[in-house]
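Remarks on the overall topology
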Amino acid sequence: MKEPDDQDTDGRKSERSKSDGRQSHSSRSASEPTMKEDYKSVVDTTGETFTEVEESYLGDDESYVEHLEGSSSSFQDDYVESIGKSQYMETPVPDAEEAEEEVKKKISESFFYDYMELASMPFVTPDSNIPLDLLTLVHSFGYDCRKRANLQLLDSNMVLYVAGNQLILLNLKTKEQTYLRSSSGRGIGVIGVHPQKTYFTVAEKGVFPKIIIYEYPSLRPYRILQDGTDLAYACVDFNCDGTLLASVGGNPDHTLTIWNWKEEQPLLRTKAFSQEVFKVTFNPEDDEQLTTSGSGHIKFWEMALTFTGLKLQGSLGRFGKTATNDIEGYMELPDGKVLSGSEWGNMLLWEGGHIKVELSRAAGKPCHQGPINQIMLDEGEVITIGSDGCVRIWDFETIDTADTIDETGLLEIEPINELQVDKNVRLFSMIKMNEIGNNFWLSQDSNGAIWKLDLSFSNITQDPECLFSFHSGAIEALAVSPLTYLMATTGLDCSVRLYDFASKTPLVQMKFKQGGTALAWVPRRVSNGGAQITAGFEDGVVRILELYDPEGLTSFVGRKRVSDADIRLKQVFKPHTSPVTALAYDRDGEVLATGSKDQTVFFFEVERGYKPIGYITTPGPVCQLTWSTASHPESTLLIICENGYVLEAPFPTIKEEEEDHDVVSYEIKDMCIKCFHFSSIKSKILRLIEIAKRKKQKELKEKEKEERRKSLEAQMGEDGEKELQGEEEEEEEPLPEIFIPLTPCHILCGFYSGPGKFWVSLGGYDSGFLYHCEFPPYDKSSDITEKKDEPFDFRLLEDTEDNPITTITFSINQEMMFCGMQNGAIRVYILNKNDPSLTNMEDYWHFSMHDNNYGCIKAISTSFDDRFLVTAGADSNIFVFNIFSEFELKKVMKAKVPSPRFGIETEPIPEDIEDPKAYSIENARRKREHDKLMKEGEEIKAEKRERIKALRNQLQKLLQMNVELPKHMQFKRTDFDLDSKIRAEIDRKTANKIQRVEKELAWEKEKHHLGLMKLQNRFRDSLESDTIVVHAIQSEHKISSYRLVKPSKYSKSKRPSQSERRASKFERFETEGTGRKDSQRDTGGSISVPEESIIEKGKKFRPKTLSEIMVESQIEKTRKLILKAERAQLKIQQRKKEWEEMYKSKPDDDYEDPKDVQAIKEAQLYMGDFNLKTAPDYKIPEHMRVNAAKKEEELGYLDSMAYAKKMHMNKCIVSLRDLKVAVIEEIQCLVQELKNIQSTLHVSKHIPIPQIPQIYPEEVPEKRFQYDEETLLAFKRQQMKNQAETAPRVEQAVSAGSAGSFLRLSSGKDGDLTTSDSLSRSSKASVFNLDIPKFMEFERTDPTEVELEIMKRDEIKHLYMQQYLINRIKELIVTFDAELRLLRHQKLKLDTQMKLSDLHHVTLFQEMLLLKNFEKQENILQERVNSLDKEEQDMQWKINETLKEMEEKKNEVAKVQDQEKALYAGFQAALGENNKFANFLMKVLKKRIKRVKKKKVEGDADEDEESDDSSEEESSLESDADESGSEDDVFDDSICPTNCDKGLFELALQLREKRLDIEEALVEEKKMIDNLRKEYDTLSKKVKIVATNLNMAEEALEAYQREKQQRLNELLVVIPLKLHQIEYVVFGEIPSDLSGTLVFSNHSLGRLQERIVQLHEENSQQQKLNKDCRERRKQLIREKREMAKTIQKMEETVSQLMVSKFGRVINLEALQTLSVNTTLEELKIKKLRKELSNAKEMKMWEEKIAQVRWELMMKTKEHTKKLHQMNDLCTEKKKLDSQLNILQNQQGNAFQGPRKADTVAREKVTELIQVQAERILALKEEVALLRKKGGLVLPPIHSPRENE
C-alpha cells in the first residue's frame, strides 16, 4: 500500500510500527507520537517558516494531546490545533463576528493539515500487544461502479475513485494505486475535482461529516469544511473558476451549502429538497445560479440579495403534462435554459421553471433506450450518455432554439454522431481526458468497467477500449487456492473472475447466463495442481471450472498469447432449482455437498465424476455448509439454515455401482440427522448481566454504608446509629423481562468447536454475541419444528449490537479469528492456541474498510500460507491485506498458474446448461419416471385404438354387404345405430371440440395473421408495382416491367435549408432602395394636434367679464396674425420643396443609367473570366452555390423523373399484358369456331389448328397471393410429408409447396385465362355452326344435285372461313409480337437512361453527403457573414440618419440665424430714421448679459425661482459685424434716458430677451450638431471595422466554398460518349490520357457559338449608340451655358428692384416672418390672465378675513363670560374662608396653642390663594391681549404646584 507521506517518512514509519507493536495503548494514544512526528516531518519537508505561536504549539506536547482527545468538529477547534491550546486558552473568547474575522485573517494560503492526524486509524483494545499495522492494505481489485460520479480525472494518467473507506488514486500507465483513508471511518460519500486539477475534495459520511480538500500532487490536506450535513454528502461541485464549492447532504437533511472553501466558511445554506438529490452544479456562465436534480424533481437556484441579506432562492421545475420522473443528468445552457434527461430516454428543455419542449428522435423514438445519465457541452456540441450504452452527439443550435410545434410538446431531432460502446454496457458518467490533439474520454460503466472512448468520429477513430473490468454489484462468494496466491470471485453479474493477488494482477474472467452465488476451490486431494474451481449459480446449476496456463498448450505458428491464465468448463450439473448458497468438500475430498435456498443439500461422489449420491431436505434455506475437521472422530457436515435451524448430517453412504432405474428419487430418507433449533437467550443474558451489575452496586452501597456508620459512631455515638436507621432504602427497579422474538433471527455464520458443538453468529435482535451450542441426541420421533434449543455458552462482542459478524475465518494455526462485519469493517480476535471454546476474546483489532452503509463483507479468507487476507463485500470491492509477521516477505511474488493437463485442448467442452428452466437432477429423474408411466399409458391407449379400428373395419364390411343385397332386403342406415342418442352426443362433442380448438388456436391464428400483415407491410405494401414479364407468342422475346417501390423521401419532402443564400449588395440595393430607411425614418412623423382644454359645464352659462372679452379678442388677433405668417412660411417652404425636388431630379456628374448598370452586371456575371471549376482561383457565383438542401431537391427531382418514366413504362407493359390476354381470348374463340368448321369438312381438307398461347405465371404475379381449398389441402399434404425434417427444411418445403400450388393454380385453372365472359362469347359465336350436323340424325339417303350443289357451296364457304380464321390467328400473333418488340426497343432505351440516372443519382448522393459534411461549418460562416452584413446595414442606416439629423439641425441653425437677423431688422424699422437714441437703444439690445438657468418648481407651473445650486453659464455669443470691436463705454441700461421713447426702450429690453433666447437656442443647436458629428465619426470608424470583418468573413466563406467545390470536383462523374463525340485527337488518334479534356453538351456548345455572333452584333450596335450619345452630350453642354447666363441676368434684375424699393438687398422670408411678435403677444395674454386670477384670489382672501374676524369676536365673548364666572367663584371662596376662620377660632379655644396640622393646612390654603391670584392676573392680561388687534396669545401661566 502506498500512502501520501511514504516518500518522506518511510524510515520513521517502520520504526514507529515496531515500537507500536511493543506498546500496550489504544489506537489513539498509540498514534499520538506518530502524529507529532509526521507533523514535524511535514514542517521539515515543506521548508516553510512558522511563527512563534506555531513553535510553542510544537513544543507543548501535553496540551496538544489533551486537545486531540477533546477536539470538536468546529473550525475554531481546528484553529486551536494550529496555534496550540495553551496559547488559545490565554485569550478571552471573542464574539462570533470577531472570531470569523480572526479566522479569515489567520488562514494562510500556505497552511496545510497533517494527513496522519486526520486519517482514521484501526482500533486496538487497550493494554493489548496487537500492532496497529496488523493488516496492511496491499491492493484493491474492486470498483464501486454504481456510485454516482465515482470516476474523476486529475491529469492525463491519474484517475480518482472511492472504494469503501479508501480513496484510490490509480495511475493509468503504471497501474499503481495510492490510498487515502477517510477521516471519519464511516465511509466516503462523494468526490470532486477542482477545475484547474490542483485540488480534489473528499466529502465523507458519518455524524456531521467533513469535506476535506487535498492539494494535488502533494496529497496534503489543504482545507476542512465542517457542519455541512448530518450524516453523509450526496454531491459536490466547484464553480467555473474554482472559488466556490457547493455541497448537498443526503438523508435526512438534504442541506445545500455554498462554501468559500479557501476560508473554510459557509456562505449560504438551505434545504435543497425533501427527497434524494443526485447532482448539484453551478452555471458555467453565472456563479450566482445553480441547479439541483434528483428523485422526482429538478430545482433551479439563484443567489438573491434580499432585505435580510444574500439568500438562496430555489424554483422547483414543474413537469406539467410530462410525467414526473427522476433526473440523473442535466446541463445548463449559456442563456439560462437547462437541458435535462428523463427516465424514458428523451431530453427535456427547461425555461423559466417549465418544460419548454421535449426532444425525441424521428418516428417517436426516444433519444436513448433508458435513462440519460449525463449531458455535457463540448466544443459546441451536446453529448449525452445513457443506460443503453450509447454516446450520442447533438447539434447545440438545434437544441438551443428548439420550440414546440404542436400540442404534444415533442420536437423530433436526430443526432449528428453516435457511438455504441458495446453490448451489456450501461454508461453512468464520463469525463474528458486532457490530451492535446485527441478527443479521448473516460467512462464509468455501471456494469463494472472503465472505458476509454474516442469521440473524434473521423477515419482514424479508435474503437472503444475497456481499460479495467470489475464486478458489478455485490460479490457473493470468494475462494482462495490451497497451493498458490490465486483467488476466485463471483457475483450476480454472471461472471467468475480469477486474480493473482500476490502480483496484483487480474488474470481471467468467464461469463455465464446466470449470476454466481457460491464458490469452492477443489482440494488438493481431488486436484493435485489446484486447478479446479466449483461454482454455484442462482439457477441451481453447479459448474466445475478448470484453470490452466495457456503457455503449456501445444503452440502453433502464428498463435498469439492472450493472457497468463485461461478457464474452461469441465463439468456441469444442476442439483437444485433455487440459487446455490454453499459448496463444501469433505476433509478427504470424496464427497461434495451443495446447499441451496430450495431447502435441500445434495451429495456427490467426486471420484466417479461427481455422480449423485442423494439429497436431504432441510427445514429452512441453507446458508452455510461446513465439514468437520480431522480432529473430529467422524466426518460430519454442519448445515446452517437461515431461519434458526442447524443440522448435523453424517457422511453419506456411497453405494456400489448398480442399476438405479427403479429408484424414483434421489432423496435419502434413512440418514440420522441431528437438529438444533435456536431459541433466543439474549434477554436472559441481559437479565443476568443486569443482576450482576445490581449486585455489584449493592455491595458497593453496603460497603459505603458501613464506612459511614463507623464514622458517625465515632462522631455522634448512639445518635448516629438512630440517624442511619431512619434512612429509607431505595426501591429497586424491576428486572428486564424475558423476550423471545416471534420471528427467529437469521443465522449469519457458524463453525465447529468440537464434536457435536458449534458457534453461531446471529443478526437482528440476537446480535452482539457469539453463541456456543451443542446438538441434542438424535431422536427420530421428535418434531424438529416444535423443539426449542438454547445455547449453553456465549461470548459478548463489543460494539456489535447493530453490527453483527457476517462471516468468519481462521488462520492456519487457529491463533487469529478474522471476522467480517455487517458495516464493512474487519475485526481480528487474538485467540489462545488450541482453544475452540474461545475462552479469551478480549483483545481484538478493528478497522473499517468497506462501505459502512452497503458494504457488508460477504466473504473473507486467508491465503494458503497466512501471509495475505482477502475480503469481498457487497459494495463491489475486493481488498487484499498483508498480515503482520516478524518475517520479511519477498519483494516480488507471483502466483503460479497450474499447467494444463495432457490432452486438454482435444477434450470436448461439455454442453452447458444455459436454460434457467432446465430440469434439475432430481426433477430429471422424476420426469423420467413420469415419462415411463405416460409411455405405458400410451401403449394401453394404442391397444384400445387397434380394437376400435378392427370394429370399424367390420362395420364397413357389413355396410358393403348390405349395399350388395336387393333393395327390399337392405337395412336402413339408421338400423345400424344401436342408439341414436349416442350419435347425437358424438356430434355434439365433435362440435364442442371444434369450437374449443378454434378458441385454442385463436391466439395462434391472430399471431400468424399479424405476422402476415407485418410481412406485407414490410415487403409488399412498399411496392408500387411488382415485376411483370410479358413473353412474345412466337419468338423468344420478352419484356419485364420495373419493380417500383414507393417514392423516396427526397422526392416527397423538401428539407428546409438551414441558412439561405445571402442576397448580394447590388440585389439588396436594387430591391430595397431607400424604402426601408424612409419607412424607418418616417415612423412617428404624424402631426400631433393638441387637444383643447375642456371647460366645466357650469361655466358655459356664466356671462363673460370684460377682462375675459379682452383676452379673447387679443388671442383672436394674435391667432390671425400667426395664421397669416404661417401661410406665408408654408408657401415659402412649398416653393423650397419644389426647388429641392427639381434639384434632386438633376442627375449627378457620375450618374449612370440603371439599364446600363444592369447590363454591366449581366456582363460581369456571364461574360467575365471563364475559369474552370478546377482552377485554384475559381470564384463560385452566388447563384451557382449549392448546399445540402438544394442537392436534396435536385435528387428528389431526379427520383421523381425516373419514377414517372418507369411508371409510364410499367403502364405500357401492363397494357401489353392485357392486350395479350385479350388476344388469347380471341384466339380461343377463333379456335373453337375453327373446330366447328372442321367438323363439317373432310379430314383431308383440314388445316392444322395453331396452338393456343398460354399465360406464364410471371406474367400475372398477383395470382401468387390467391388460393382456394385445394391449394390449402396440397399445402397440408406437403407439410405432413416433411414433419420429420428440421425446422429450416420445413420452412423451405412450405414455401416451395405454396409456390408450386400457386403455379398449378394459375396453370391449371387459370392457365388459359379463359374467363366466363370469353367462354360465353365463344359459345355464342359457334351457335350457328353447331346447328349444321343436325340432319345426320335422320336416315341417310343419296343427295340430289341441288343438295350436292348446296354442299359444294358450303364446303367452299367453310374452306374459306377456315383459311380466314387461320390467317386471323396468325395476324393477331404477329401484331402482338410486333407491339412487344417495339415496346421492348423503347424499354431498352429507357433502361439506358435509367442506368445513366442511377449513375447520376449516385453522384448526386455523394455530393449531398459531402455537402452535409460541409453544411455545419458553412452555416456558421454564412451566419457570420449575414450578421456582419446586417450590422453594416444597420450602421449605414444610422449614419444616414445621423447625416439627415445634421442637415436638419443645420437648417434649424439657419432658421434661428434668420430669426435673429429679422429681429434686428424689425428693431431697426421700429427705430426709424434719424433717431438720436438709436445707438443707445442698439447697445441695450446687443448688450451681453449673464443669464441664470431657470428651473420650474414642482406643483406651480406659473412661478419660477432661481436655483442656488444650478451652474451659471455665460452666453458669449458674437453679435453682428458692426459690434466686433471692444466696448469700453459703460452705460446703465436699467434707466430710460430722458426724452427717450419708453415704448422703444421697453421694446429694446424685450427684444434683448428674445435675442438671448435665440442665441441660447443657437448654442444648443450647435452643440447637438457637434455631438452628431462625433457620433457620425464613431459610426464611420465602426463601419470601416465591420466592413473589414465582413470582407474577411466573405473571403473565408469564399475559401470554404472553393474548398467545397474542390471536394465536389474530386467526385467521379460517369458520362458515356461515342467515338464521334470525341473531338480531341492527336495525329488523328484519340490519346490515352483524357484528363485534360473538357466535356460540353451539344446545347451548351451551340449556345456558345450563337453567343459569338450575338456579341459581334452587339458590338456594332454599342459603337453606334456611343456615337449618338457623344453628340447629345455636346448639345446639352451648350444649353446649360445659355441657361446659366439667363439665371444670372434675372438675379441682377431682382437685386436692382429690392434696392429701388427697400434701399438695400433684404431677406424677403425674414420680412414675412416679422408680421407679429408671438412672444410679446403671449406675454400680454398671460399678463391679462394673471391679473384676473389675482383679482379672484384677493376677493377670496377678503372673505376669509371677514370670517376670521367674526370667529375672533365670538371667542372674545366666550372669554368674558368665563371671567365673570371666575369672579363669582372668587367672591364665594372669600366668604367660605372667613367662615372657616371663625370656626377655627372657636374650636381652637379648647386647646392651648395652635396644632401642627392646622398650621400646615393654613399654609396650603394660603399658597392656593396666591396661585389663584396669579392665575387671575394672567387671565386678565390674556383678555387684554385678545382685545387688541393682532395681539400675540401667550400660553397660560401654570402654578409651581401644577408643574410639580
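Keep in mind it's a predicted model, so treat the numbers as computed, not measured.

Considerations on the overall build of the protein chain
- The secondary structure content of the protein chain amounts to 33 helices and 64 strands.
- When burial is assessed residue by residue, the protein chain has 37% of its 1844 residues classed as buried.
- Looking at the protein chain alone, contacts between residues at least 24 apart form 61% of all its contacts between residues at least 6 apart.
- Total accessible area on the protein chain stands at roughly 115000 Å², and carbon and sulfur atoms take up 53% of it.

Some points on the sheet that holds strand β23 (residues 372-378)
- Strand order in this open sheet of four strands is β23-β24-β25-β27, and the pairing throughout is antiparallel. The strands lining the two open edges of the sheet, one partner per strand, are β23 and β27 (417-420). On average, each strand axis in the sheet is tilted by 15° relative to the strand beside it, whichever way the strands run.

Description of the pairing of strand β35 (residues 505-511)
- As paired elements, strand β34 (residues 495-500) and β35 share six bridges and run antiparallel to each other. Note that in β35 the partner of S495 across the bridge is K511.
- Two successive antiparallel strands, β34 and β35, enclose a turn made up of four residues, where K504 displays a positive phi of approximately 60°.

Remarks on the nonpolar core
- Grouped together as the largest cluster of nonpolar side chains are 38 residues, with contacts concentrated most on M487, L498, F501, W521 and L547.
- At five residues, the largest contribution of residues to this core is made by strand β32 (residues 475-480).
- Counting residues in hydrophobic clusters, the runner-up holds 37 residues, among them L137, M433, L442 and I860.

Points about the side chain of S472
- The topology assignment puts S472 in the loop between β31 (465-469) and β32.
- The class for S472 is buried, based on a relative accessible area of 5%.
- Side chain to side chain, S472 and R146 meet in a polar contact 3.0 Å long.
- In this view, S472 contacts C145, R146, S446, N447, G448, D493 and S876; residues no more than four positions away in its chain are not counted.

Brief notes about the sheet that holds strand β20 (residues 338-340)
- Here we have five strands laid out as an open sheet, ordered β19-β20-β21-β22-β26, and mixed in their pairing. Two strands bound the open sheet, and with one partner strand each, they are β19 (330-332) and β26 (410-412). Each adjacent strand pair in this sheet contributes to an overall mean axis angle of 25°, direction not counted.
- Of the strand pairs in this sheet, strand β22 (residues 354-360) and β26 are connected by three bridges, and their pairing is parallel. Within β26, the residue paired with E358 across the bridge is L410.

Regarding the packing of aromatic side chains
- Applying the stated criterion across every chain, the model contains 41 aromatic pairs.
- Measuring from centroid to centroid gives 5.5 Å for F676 and F758, while their planes differ by 90°, and the two rings are edge-to-face. A residue pair is termed long-range when its members are at least 10 positions apart, and F676 in strand β47 (residues 674-677) and F758 in strand β49 (residues 757-762) qualify at 82 residues.
- We classify F676 as buried; its relative accessible area is 1%.
- Both rings, one in F1414 and one in Y1600, keep their centres 5.3 Å apart while their planes meet at 65°; by these two values the pair is edge-to-face. Placement of F1414 in helix α26 (residues 1345-1471) and of Y1600 in helix α28 (residues 1542-1609) is noted, with a sequence separation of 186 residues between them. Exposure class is identical for F1414 and Y1600. Each is buried.
- The structure contains a cluster of three or more aromatic residues connected by ring pairs, namely F573, F602, F604, Y610, Y615 and Y666.
- Seen from the ring of F278, R148 lies directly overhead, with NZ or CZ sitting 3.7 Å from the centre.
- Sitting over the face of the ring of F1019, R1018 holds its NZ or CZ atom 5.2 Å from the ring centroid.

Details of the pattern of salt bridges
- For the structure on display, the rule yields 51 salt bridges.
- Notably, a salt bridge pairs E381 with K1416, separated by 3.0 Å at the nearest N-O pair. Residue E381 is found in strand β24 (residues 381-386), and its partner K1416 is found in helix α26; the two are separated by 1035 residues along the sequence.
- Given the relative accessible area of 23%, E381 is considered partly exposed.
- Residue K1416 is classed as partly exposed on the basis of its relative accessible area of 35%.

Considerations on the environment of F868
- With respect to the helices, strands and loops of the structure, F868 is situated in strand β57 (residues 868-873).
- Owing to a relative accessible area of 2%, F868 belongs among the buried residues under this scheme.
- For the pair F868 and A502, spaced 366 residues apart in the sequence, the C-alpha separation amounts to 8.4 Å.

Here we look at helix α29 (residues 1642-1702)
- Between its first and last C-alpha, α29 extends 85 Å over 61 residues, near the 90 Å set by a 1.5 Å rise per residue.
- G1703 sits one or two positions beyond α29 and adopts a positive phi of about 90°.

What about a nonpolar patch on the surface?
- Taken together, the side chains of L1619, Y1624, V1625, V1626, F1627, I1630 and L1634 define a hydrophobic patch exposed on the protein surface, amounting to about 730 Å² of accessible area.
- When you line up the elements, Y1624 lands in the loop between α28 and α29.
- Residue classification places Y1624 among the partly exposed residues on the basis of a relative accessible area of 42%.

Some details on unusual backbone geometry
- P217 follows Y216 through a cis peptide bond whose omega is 15°.
- Mapped onto the elements of the fold, P217 is located in the loop between β9 (211-215) and β10 (220-225).
- Between N251 and the following residue, P252, the backbone shows a cis peptide bond with an omega angle of 0°.
- Its place among the elements puts P252 in the loop between β12 (245-249) and β13 (255-260).
- For D127, which is not glycine, the phi torsion reads 60° and is therefore positive.
- With respect to the helices and strands, the residue D127 is situated in the loop between β1 (123-124) and β2 (135-140).
- You can call D127 exposed: its relative accessible area is 64%.
- Look at S876: it is not a glycine, yet its phi comes out positive at around 70°.

Considerations on a negative patch on the surface
- Taken together, D1148, D1149, D1150, E1152, D1153 and D1156 make up a surface patch of like negative charges.
- Relative to the assigned elements, D1153 resides in the loop between α19 (1106-1145) and α20 (1154-1166).

Regarding the packing of α26 against α28
- In the contact formed by α26 and α28, the axes pass within 7 Å of each other and the chain directions differ by 165°. With respect to their mutual orientation, α26 and α28 come out roughly antiparallel. Considering only the axes of α26 and α28, their crossing is left-handed.
- Looking at side-chain class alone, the contact of α26 with α28 contains 37 nonpolar, nine polar and 23 charged residues.

With respect to a positive patch on the surface
- A contiguous patch of positive charge on the surface is contributed by R1670, R1673, K1674, R1678, R1681, K1685 and K1689.
- Within the secondary structure, R1678 sits in helix α29.

Remarks on the environment of G409
- Along the chain, G409 turns up in the loop between α9 (396-400) and β26.
- The sequence separation of G409 and L359 amounts to 50 residues, and the corresponding C-alpha distance is 8.5 Å.
- Here G409 is in contact with V357, E358 and T404, once residues within four sequence places are set aside.

Let's talk about the environment of G206
- Residue position: G206 is located in the loop between β8 (199-204) and β9.
- Separated by 23 residues in sequence, G206 and T229 have C-alpha atoms that sit 9.6 Å apart.

Topic: the confidence of the model for the protein chain
- Averaged over every residue, the pLDDT of the protein chain is 81; residues scoring 70 or more account for 81%.
- Overall, residues 1064-1102 carries pLDDT values under 50, and its contacts beyond four positions in sequence, including any with other chains, amount to 29 contacts.
- Here residues 1286-1339 scores under 50 on pLDDT; set against residues more than four positions off or in separate chains, the count is 47 contacts.

Rules behind the numbers
Residues numbered from 1 in each chain as written. Predicted model: local features only at pLDDT ≥ 70, side-chain atom pairs only at ≥ 80, totals over all residues. Heavy atoms only, no water. Helix = DSSP H or I, 4+ residues; strand = E, 2+ residues; numbered from the N terminus. Buried < 20%, exposed > 50% of the residue type's maximum accessible area, 1.4 Å probe, protein only. Contact = heavy atoms within 4.5 Å. Areas by Shrake-Rupley, 256 points an atom, 1.4 Å probe, with all protein chains shown as cover. Pairing = 2+ DSSP bridges. Axes fitted to C-alpha atoms, helices over the stretch in contact; angles between N-to-C directions. Core = buried A, V, L, I, M, F, W, Y, C linked by side-chain atoms within 4.5 Å. Polar contact = N/O pair within 3.5 Å; in protein donor to acceptor, adjacent residues only side chain to side chain. Phe/Tyr/Trp six-rings, centres within 6.5 Å; stacked < 30°, edge-to-face > 60°. Lys NZ or Arg CZ within 6 Å of the ring centre and 35° of its normal. Salt bridge = Lys/Arg side-chain N within 4 Å of Asp/Glu carboxyl O. Expected span 1.5 Å × (residues − 1). Patch = residues over 30% accessible without salt bridge, like charges linked within 9 Å, V, L, I, M, F, W, Y side chains within 5 Å. Lys, Arg positive; Asp, Glu negative; His and termini not counted. Charge placed at Lys NZ, Arg CZ, Asp CG, Glu CD. Parallel < 35°, antiparallel > 145°, perpendicular 65-115°, else oblique. Left-handed = near helix turned anticlockwise from the far one by under 90°. Nonpolar A, V, L, I, M, F, W, Y, C, P; charged D, E, K, R; others polar. pLDDT = per-residue confidence, 0-100.

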